[in-house]
Structure formats: C-alpha cells, structure tokens
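A closer look at the structure
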Amino acid sequence: MISASDFNYLKPENLNEAVKIKGEKGAAAIVLAGGGEIINRLRSGEATAETVIDLKGIGELGEIAIDKDILNIGALVTFSDILDSETIRNQFPLLWETAAAIGSVSVRNRAGEPYRDSAPALLVYDAMVMIQGPGGKNEISLSDWFIDPKKCVLADDQIVTGIKIPRPAEEYGACYLKLKRYDGQDFGQASVAIMALADKQYRIAFGSVGPLPIRAEKIEALLAGKDLDEKLIQEAVKLVPEEISPQTDIRATAEYREHMSGVMLKRGLRAAAARLTKGGPDYGTRLI
Amino acid sequence: MKQGISLIVNGEARTVDVEPTELLLDVLREKLGVKGPKFACDTGTCGACTVLLNGKSVRSCMILAVEVDGQEIMTVEGFSRNELTPLQESFVEHSSFQCGFCASGMTMVAVELLNKNPDPTKEEVKEAISGNLCRCTGYHSIVQGILGAARKIT
C-alpha cells in the first residue's frame, strides 16, 4: 500500500474522457503518467487523492511529432523515447543531450516530466506546455509555468497533454551540463542549458540553483550580438552570482553551486559556440 | 476497491486481485510469490526492485500493480529456468557480487543492455547500471561480469 487512504484507479481510453473526469473531480483526482513524482508524493502523504487517472490508455499522448517547425511531445513520451528519436537527436540536440543526463535507464524508461533537470533546456527552447480542461485547450509558456518549487499554474481541473517546442529560426549550437554528486542516478546539484545562435544571440538557463529554473537574462544581454572570446566569457561568468540564488542542501553547499555554475557556464559556452560551427565535442560528451 | 488484473509473469499468465494502492513490487513478492525483485529504498533510487516491463527495465516500487494489467513482466526468475545463461556464468567467473542483494536488479538492467547492444563499451555498461546501487563491490566486478558476458555472446 503506498497510501494510507484508498483511491480509485481509472484508465480512460481517450483524452476527452480523461479531461471530463479531471474536470468533474478537480483536486480530488491526480493524473498519472510516468509516476516518478506522483507515486513518491502519494507514498509520503504529501499528496492524497480519491481518484488516480492513468493517462497510459490514451495512445495519442505517446507521440512525438514534428509539424512545420514545431516539435510536439505528448505527455506520455518518456526520456527513453526522446533518446531513441532521430528527429530530436538531429534537430533538437540540446533536448537529446538533456534526456541523456536524466536519472538512469530504468527511470528514463518511465519518466518524462518537464521538471527539475529538464527545465533549463526547455526554457531556452521557449517551450510551451499544452493543457486541456473544461474551458478547452490552452498553451502556457514554460517561463510562466512554475510558481514555486512544488507548484505550477495548472488549475485543479486541467490536464497537461504535452509540450510544444518551436525550432529556433536560426542555426544553433547548444550544450547542457549537469553536475552530480557521483557518477550515477542523481538529481543535479546545478545544471545549465546554453544555446548559441547563428545571429549571435544567446539563450541561457540555470537549474537547481534557485527556487525555480532561471533564464539568465543579464548574461544573455551581455553576450547579445557579440562573438564569444575568453575575455567575454570571463565577464559572463562574473555575472553568474547576480542571476542565481543557490541554497545549501544535502546535495551541495550554496557556495559550491555558485562556483560550479560559473565553471559550467564557461565550458558550456565554449562547447555551444564550437558546435555552432560543426566543431566541438559530440552531443552527449561529458564536459563536467 | 479490489480489482482483478491479468499479467504475464516470466512467460506465465497470472491473474490476481489487487487494491489500486498496491505497488507492483509488493504484489509480485507477496501475492505472486516472485521474490527476485528486492524491497530496499522504496523511493525509486536504488534499483534493487528492477524488473523488465514489456522488455524495458523499470522500478517496480514506483508502479502501481493496476498499471500493468495486460502487460508482460520479467524478473530474474524468468531469465534462466534450467541452466545458467552466459551473463550468469560470467557473473560467477568474475565474482561479481558479494551479498547479492543488488544482483537481481543488476541482472535485469544488464539483460536489457545486452538485448539492445550485445557489444557494449565499458562506459556503456557503467551508464546502464548507473541507477543500481551496490554497497559491496565498488562496481568493478559487476562491470567486468557484464563485459565478460558480452564477449561470450558475440
């Protein structure tokens, strides 16, 4: 038994049915996809539910599709599915590199949430979260999604149906770096996603170094329109403390997180710029 | 409220009544008598409860039993019925395990790896077992065991 209180289990076969059930039951129902987060929250008592709605009977939510320049990833797509997708590997390599750094194989075989370690890459891709509820469909920018570490803007009667990722209009090189305590399954002590675009714009986001994943707008503004050289990279690293607000916890001290965020920014910028010109280390190469 | 589920466990069709709140790990161990998957961290961190679900490794402590209705589970028991497989032979030859508590989970991720990639590099083996904790060996003997199995099958 994972929960002190009983719950019913429903597995609707289509999205409309799932939306209807969630719309009627609201906060009393919890939606289950991979379960990585929900099962532990039910187990700890942090979450309770009268009903668990399993989305895994809804085939369309397991699809990866590209429509013009927009990548659609259904809510049931796992990180393993992302790693197996040639389309993603070739056209969205930053997402691929991020998926490779999540959890471990048996976690990736099940999980797919846009949360924790995957948030920085999705932020720099300007991803949209697709939701559906009694009021119909809606899309919310991931930058408006998180409210606090345990909360997002999703209403009690809504369901996340997937993520939409627009392909950047310009060619880009990118890099995702995740620092861990050891070389195994672990959430990041700090992470950074970096995109260097052909028009000399840069997109940068940090994870695990503040209450929410953060887009580093000051650093982006400093770099905008410029070619990267070591002097400019050093100036960017100096801005890191202004962008992040790390805390000390069981994974790392705040000081270590801040220092390493600078090291990771430096290495990531170099790799992203090199990859833009088809050089640099292959995606998936460990740089930290 | 109890509901009946049907699943294939190690090639055998089984049916069992479960509460929606029951975990796959508990149902396997306590109701179906399949004791290979181990109960340890209870948070999806250690990998001791790893089973193959439709051929892919998953944490059975992170899955409700009702979620796998109609699906196929393989545990270490189903992996070798009569004699040792090349992987098990290699584990023995390399003294891969000491206490053995992690062995069932390690075996399942190694099976998944070798099915997908029969000739892995050392780095690929380390990545494949990176979600499974072993507190005895320091992992070296397990990595050598899996690499040895790859040499036997290729």
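Keep in mind that what you see is a predicted model, and the values were worked out from it rather than measured. (Residues numbered from 1 in each chain as written. Chains lettered and ligands numbered in written order. Predicted model: local features only at pLDDT ≥ 70, side-chain atom pairs only at ≥ 80, totals over all residues. Heavy atoms only, no water.)

This next bit is on the domain arrangement of chain A. Domain boundaries in chain A define domain 1 (8-54), domain 2 (59-166) and domain 3 (172-277). Between the C-alpha centres of domain 1 of chain A and domain 3 of chain A the distance comes to 35 Å. (Domains from an automatic or database assignment.)

It is characteristic of soluble globular proteins that their nonpolar side chains tend to be buried jointly. Ranked by size, the top nonpolar core spans 35 residues in total, and within it Leu94, Leu95 and Ile165 of chain A carry the most contacts. Elements with a contribution of two residues or more to this core: strand S5 (70-74), helix H3 (79-84), helix H5 (93-100), helix H7 (119-124), strand S6 (128-133), strand S10 (159-166), strand S11 (172-179) and strand S12 (190-197) of chain A. The leading source of residues in this core is H7 of chain A, at five residues. Mapping this core onto the domain boundaries places at least three of its residues in each of domain 2 (59-166) and domain 3 (172-277) of chain A. What Leu94 of chain A contacts, discounting residues up to four positions off in sequence, is Ala121, Val124, Tyr125, Ala174, Cys175, Tyr176, Ala193, Ile194, Met195 and Tyr283 of chain A. Counting 34 residues, the second-largest nonpolar core is a separate cluster that includes Val16, Val18, Leu28 and Ala65 of chain B. (Core = buried A, V, L, I, M, F, W, Y, C linked by side-chain atoms within 4.5 Å. Buried < 20%, exposed > 50% of the residue type's maximum accessible area, 1.4 Å probe, protein only. Helix = DSSP H or I, 4+ residues; strand = E, 2+ residues; numbered from the N terminus. Contact = heavy atoms within 4.5 Å.)

In this section: the interface of chain B and chain A. Contacts between the two partners involve 32 residues from chain B and, on the opposite side, 31 residues from chain A. Of the roughly 2,400 Å² buried where chain B meets chain A, counting both sides, 49% is carbon and sulfur surface. Of all residues in chain B, Thr21, Met62 and Glu67 of chain B bury the most surface against chain A, accounting for 26% of the area lost on that side. The partner of Arg43 of chain A in a salt bridge is Asp42 of chain B, with the nearest N and O atoms 2.7 Å apart. Broken down by secondary-structure element, the contributors of at least two residues to the side of chain B that touches chain A are strand S3 (50-53), strand S4 (56-59), helix H4 (103-116) and helix H5 (122-128) of chain B. Of the residues forming the side of chain B that touches chain A, the biggest block, four residues, is contributed by S4 of chain B. (Buried area = accessible area lost by both parts, 1.4 Å probe. Salt bridge = Lys/Arg side-chain N within 4 Å of Asp/Glu carboxyl O.)

Glancing now at the pairing of S10 of chain A. Residue and element names in this part refer to chain A. As paired elements, S5 and S10 share five bridges and run antiparallel to each other. Across the sheet, the residue bridging to Ile70 is Pro166, located in S10. Pairing analysis gives five bridges linking S6 to S10, with the strands arranged antiparallel. Each bridged residue has a counterpart across the sheet, and for Met130 the counterpart in S10 is Gly162. (Pairing = 2+ DSSP bridges.)

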